[in-house]
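Spelled out from the first residue to the last, the chains are:
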Amino acid sequence: MSMLIALYLRDLAGIRRASPALCDSPQTPMLSPLSPPVKPRATDEFTRAEFAELCQEWHQWWRRIVTRYDADGSPDETETPEPGLLGQPHFNAYRSSPSLQRLLRAHYGAATDWSHERRREYNALSREHAAAGRRQVLESLVEERSLESDPQDVLTLNMIELPLAERRAWLVGDRTVILSQELVRDERLLRSYLEPMIRLIR
């Protein structure tokens, strides 16, 4: 849920388009825009200096979200927002990120409504994928990787499907992969993205 909220705010504020150097790095690969698209309606709410600050703060926040998920892969993270996001209306947990705090104050309600709608759509899509057996390629890739490894090594892989416009996958942490929900429909393309990523994961 935190990832959905963060990406909604990213696109709402136009952060992805305005800070490509920050968006596309080994530590923070550039995820494609959301689908359905979120119009950048909040771009005029900040001065140039405030917007530059917002970009930095947002990327630091995104890294914290990914790092926390990478550490434990808790399924609850995909369903509920991080505790700091529950601190309405002031979001005091974000005092050290004033521009991000301001964006949250103004748009958290819309962000959560949008995220809940996407979760409902994903639950329906997930049932469709399961019924069609589309996730078997994931299981086979993990099994193949496990056979190549030391029997005592346990492969831990966190897979997060998000409503992203581009059919692809991104390795965003030591063992966390984000993939477009629609990528699962294309077994060949899914395998081409995930196979090299899984080999990198220890």
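For the structure itself, consult the block above.
Cut-off values and rules
- Along every chain, residues carry numbers that run from 1 in the direction the sequence is written.
- Only residues with pLDDT of 70 or above have their local features reported here, since the model is predicted, and side-chain atom pairs are shown and tallied only from 80 upward, although totals for entire chains, interfaces and linings are computed over all residues.
- Computation of side-chain values covers all heavy atoms of the structure but excludes hydrogens and water.
- Each helix is a run of DSSP H or I of at least 4 residues and each strand a run of E of at least 2, with the numbering of both proceeding from the N terminus.
- Between buried and exposed lies partly exposed: a residue is buried under 20% and exposed over 50% of the maximum accessible area for its type, with that area taken using a 1.4 Å probe on protein chains only.
- Contacts: residue pairs with any heavy atoms within 4.5 Å of one another.
- One requirement defines pairing of two strands: DSSP has to find at least two bridges between them.
- Centre distance within 6.5 Å is the pairing criterion for rings of Phe, Tyr and Trp, where only the six-membered ring of Trp is used; planes under 30 degrees apart are then read as stacked, over 60 as edge-to-face, and the remainder as tilted.

Caption draft 1: Spatial organisation of the environment of Arg-17. Structurally, the position occupied by Arg-17 is in helix α2 (residues 15-18). When its relative accessible area of 63% is taken as the criterion, Arg-17 is described as exposed. In sequence terms Arg-17 and Pro-33 are 16 residues apart; their C-alpha atoms lie 9.3 Å from each other.

Caption draft 2: Spatial organisation of the side chain of Gln-181. Topologically, Gln-181 is positioned in the loop between β3 (176-180) and α8 (187-200). The contacts of Gln-181, once residues within four sequence positions are left out, are Tyr-122, Leu-125, His-129, Glu-161, Leu-162 and Pro-163.

Caption draft 3: Geometry of the pairing of strand β1 (residues 158-162). Counting buried positions over the five residues of β1 gives four, a clear majority of the element. Two elements, β1 and β3, share five bridges in a ladder whose sense is parallel. Across the sheet, residue Leu-162 finds its bridge partner in β3, namely Ser-180.

Caption draft 4: Broad picture of the packing of aromatic side chains. For the coordinates displayed, the defined rule picks out four aromatic pairs. Measuring from centroid to centroid gives 5.9 Å for Trp-61 and Tyr-94, while their planes differ by 85°, and the two rings are edge-to-face. Note that Trp-61 is positioned in helix α4 (residues 48-72) and Tyr-94 in the loop between α5 (76-79) and α6 (98-132), a separation of 33 residues in sequence. For Trp-61, a relative accessible area of 0% puts it in the buried group.

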